[in-house]
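Structural overview
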Amino acid sequence: MWGTMRQRVSYLALSRTRPVVYASRSYASGPKQMTVREALNTAIDEEMSADPKVFLMGEEVGEYQGAYKISKGLLDKYGPGRVIDTPITEAGFAGIGVGAAYHGLKPIIEFMTFNFSLQAIDHIINSAAKSNYMSAGQISVPIVFRGPNGAAAGVGAQHSQCFAAWYGACPGLKVLVPYSSEDARGLLKAAIRDPDPVVFLENELLYGQSFPVSEEALDSSFSLPIGKAKIEREGKDVTIVTYARMVDYSLQAAEILAKEGISAEVINLRSIRPLDRSAINASVRKTSRLVTVEEGFPQHGVGAEICMSVIEESFDFLDAPVERIAGADIPMPYAANLERMALPQIDDIIRAAKRTCYRSAPKAAAA
Amino acid sequence: MASSFLSSGIIQPLPLRSPDKPQTLFDHLKTTSTFLGSTSKLRSVSLSKPNLPNPHRRSTVVAVSDVLKEKKTKSAASSSQLLITREEGLELYEDMVLGRAFEDMCAQMYYRGKMFGFVHLYNGQEAVSTGFIKLLKKEDCVVSTYRDHVHALSKGVPARAVMSELFGKATGCCRGQGGSMHMFSKEHNVLGGFAFIGEGIPVATGAAFTSKYKREVLKEDCDEVTLAFFGDGTCNNGQFFECLNMAALWKLPIVFVVENNLWAIGMSHLRATSDPEIWKKGPAFGMPGFHVDGMDVLKVREVAKEAIQRARRGEGPTLVECETYRFRGHSLADPDELRDPAEKAHYAARDPITALKKYIFDNKLASEAELKAIEKKIDEVVEESVEFADASPPPPRSQLLENVFADPKGFGIGPDGSYRCEDPKFTEGTAHV
């Protein structure tokens, strides 16, 4: 039974050239639907049950059942020794998590949003990411920092930043960006078991969304490999590389483009660091055109790194300049229409894809 | 003994200043300006009172521990009650001499170009390190700041490993990848060496948390204690207060040791702190706060014993402020111009090594020859460590990209080359929910 399960996990999760299309969520490859919230909850539950050294610490994770109800039911199940409500001290409890990880435990530190992680960024970077290197391998830090990242709906500038590029720049960290429930489950389990610090960037707007999950994903030993992207939709004309919530927009854009005769390949990165350069480059060599889509700020963003990676490795294969779609270069406004303009929309992706295919389209949307 | 500590609630601190000492100087400064624009103002003020080189510091400091007060009243003639045995005395002496000799050698090597970057020396503060760390077991943890060579040495990291690390050689305790400010040793439970002040305090609190977790959740027999060492400047940092709160809240087995040497690079503690008496910040969070003369290793050891026992018994954290002084500048690159020479002389006269030597002689615990033999032995150890470091190779080029991740390629790929998540052992023990 284990043998077949292994085969099936590798078949689904690792293979990049399977012709099965996971394009739209209306296809269910398995009968079960699961929200991202449930996926995360069950992942943490199973990992805590399997290893007594795993514990969860953060603001409101216990009695409040989680600020976004991700840790619902965990306090009752595991007790206050393992699901710890903290005072409002990000620097303090992130550091406590790092110290516990130094000394043999496996903490999951929840930030209410990753914007608050800025108060603790000293510990994420300086005492977690760099320690294995500074101690020459003596002290590894098996910690997971998780929480919602990126824009939500109308929460304003200080609650809407995407930190994928900032954490992705730092050696010593692994940065994961799940999209679907299967991603969330598999990547979080892999992250908790991983001996290195992992920054796990979720998205608040995806928490309530349902996705189909396969039987394998429901098994408690399921996990996904870190550093491997997933081809969500196969195509041959243009490659769209994206992550987190923008995968949804890209898939919708790909549907619309298909009707206009452009076959787009959508890659869900799943992991910002390590970045799956080989998947991206293989795809670009096939299609010769690239569009990167992200929610974060454009300067020094994930798209910039992907573009450079493609130039370094596949320049001769490019038929058109790389198009980079990112959030607007402004702090996130509050007004709903301005917020919409500050984030990439499906139209932007479609126009960018058309530009790479030399079907002219204006650069800016009409206001 | 346990009754003198309140496990919850706030301890009323004993008054420290003798009532007849006037507070005029402090008030004078307050009325002229709330911002002490420069340290020279403090210096000119202090020079006008020649009998008290630094009027804000008591010239004879009493350890405030209730237990010591009890001891003093109980013993009829305190001189007849020895605080240490002969073996302990020699151990303490050897450790302090090692710290001093090592740091002096570091200075020499730095000026000869063998060592580079930021090097912060511990001369003068040895009593704090020795007084605390020599009471620990191997499993107990020590977390320090960038002034960490002597903490590592006291905890048991061999001198040659520390010296090689400082030279940047592959045989150093961190294979040359850490440096002066990042001494890590898993074997001796030295959890760093942090360049950011205040960064080590939450990490130490986390190690203490682990100890409590092991005891309460994993039901192991664990009474490990963690010591966090940091300076006076750190006591104004937010993380310090966050951790005092959480450590007291969760009764973590940790001792917060403040090495108050009055100076944060060139910023005097008095110019930076609204209430310079750091020990008072402990009771504000519900833990006992003690002030001790950090130039006297025996006094430090007494207070340390109490604090560490308290933590081992599960009664929670303690804040210990050690009044001490660094004889050299902040780092080897610091010209050290702002400190008053009279102040330096005052503390040089209270050198902890000389004080312990005097105690040993006065109480006839050892002879001059024995102490000289120890000094000679330490000199040889330090010389040998320099030779070892010199002879060691620098790290090979292949080492550059190693150790970034604990898993070798960072892709979740195990040592056998395949994805860890495919390995049945990776998912061993997964329970069914």
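Since the model is a prediction, treat every value here as computed from it, not as a measurement. (Residues numbered from 1 in each chain as written. Chains lettered and ligands numbered in written order. Predicted model: local features only at pLDDT ≥ 70, side-chain atom pairs only at ≥ 80, totals over all residues. Heavy atoms only, no water.)

**Side note on the overall build of chain B**
Note the cut-off: Working definition: helices are DSSP H or I runs of at least four residues, strands are E runs of at least two. Numbering for both runs from the N terminus. Only protein chains enter the accessibility calculation, which uses a 1.4 Å probe. A residue is then buried if its area is under 20% of the maximum for its type, exposed if over 50%, and partly exposed in between.
Each helix and strand in chain B was counted, giving 15 helices and nine strands. Across the 433 residues of chain B, 55% fall into the buried class.

**Concerning the overall build of chain A**
Worth spelling out the cut-off: Contacts between residues were defined by any pair of non-hydrogen atoms, one from each residue, lying within 4.5 Å.
Helices and strands together make up the secondary structure of chain A, namely 14 helices and 14 strands. Taken across its 367 residues, chain A has 64% of its residues classed as buried. Considering only contacts in chain A between residues 6 or more positions apart, those separated by 24 or more positions represent 81%.

**Observations regarding the interface of chain B and chain A**
When the parts of a complex come together, some accessible area is lost, and that lost area is often taken as the interface size. Here is the rule we go by: Buried area, as used here, totals the accessible surface that two parts lose on assembly, with accessibility defined by a 1.4 Å probe and the loss added over both. For this analysis, a salt bridge means a side-chain nitrogen from Lys or Arg found within 4 Å of a carboxyl oxygen belonging to Asp or Glu. Under the rule applied, a polar contact is a pair of N or O atoms within 3.5 Å (in protein, one hydrogen donor and one hydrogen acceptor; residues adjacent in sequence only if both atoms are side-chain atoms). Here the term charged refers only to Asp, Glu, Lys and Arg, the term nonpolar to Ala, Val, Leu, Ile, Met, Phe, Trp, Tyr, Cys and Pro, and the term polar to all other amino acids, Gly among them.
Listed by partner, the interface residues are 59 residues for chain B and 64 residues for chain A. Around 5,000 Å² of area is buried between chain B and chain A when both sides are counted, 65% of it from carbon and sulfur atoms. Counting across the chain B and chain A interface gives zero salt bridges. Where chain B packs against chain A, one counts 18 residue pairs in polar contact (both at pLDDT 80 or more). For the side of chain B that touches chain A, the leading source of residues is helix α8 (residues 200–216) of chain B, giving nine residues. When grouped by side-chain class, the residues that make up the side of chain B that touches chain A number 30 nonpolar, 18 polar and eleven charged.

**Re the nonpolar core**
The cut-off we apply is this: The criterion is simple. A nonpolar core is a set of buried Ala, Val, Leu, Ile, Met, Phe, Trp, Tyr and Cys residues joined through side-chain atoms within 4.5 Å.
Counting residues in hydrophobic clusters, the biggest one holds 130 residues, and the most contacted among them are A:Phe145, B:Phe209 and B:Phe256. If one sorts the elements of this core by residue count, helix α4 (residues 86–111) of chain B sits on top with 13 residues. Judged by nonpolar contacts, the second largest core, of 56 residues, contains A:Leu176, A:Val238, A:Ala254 and A:Val293.

**What about the sheet that holds strand β9 (residues 230–233) of chain A?**
Residue and element names in this part refer to chain A. What counts, and what does not: Two strands qualify as a pair provided that DSSP identifies no fewer than 2 bridges between them. To obtain each axis, a line is fitted to C-alpha atoms, and for helices this fit is confined to the stretch in contact; angles are then taken between N-to-C directions over 0 to 180 degrees.
Read from one edge to the other, the open sheet built from five strands follows the order β9-β11-β10-β13-β14, with strand pairing classed as mixed. Each edge of the open sheet carries a strand with a single partner, namely β9 and β14 (323–325). Each strand of the sheet is rotated relative to its neighbour by a mean of 25 degrees, with strand direction disregarded.

The quantities given are spatial measurements derived from coordinates; they are silent on function.
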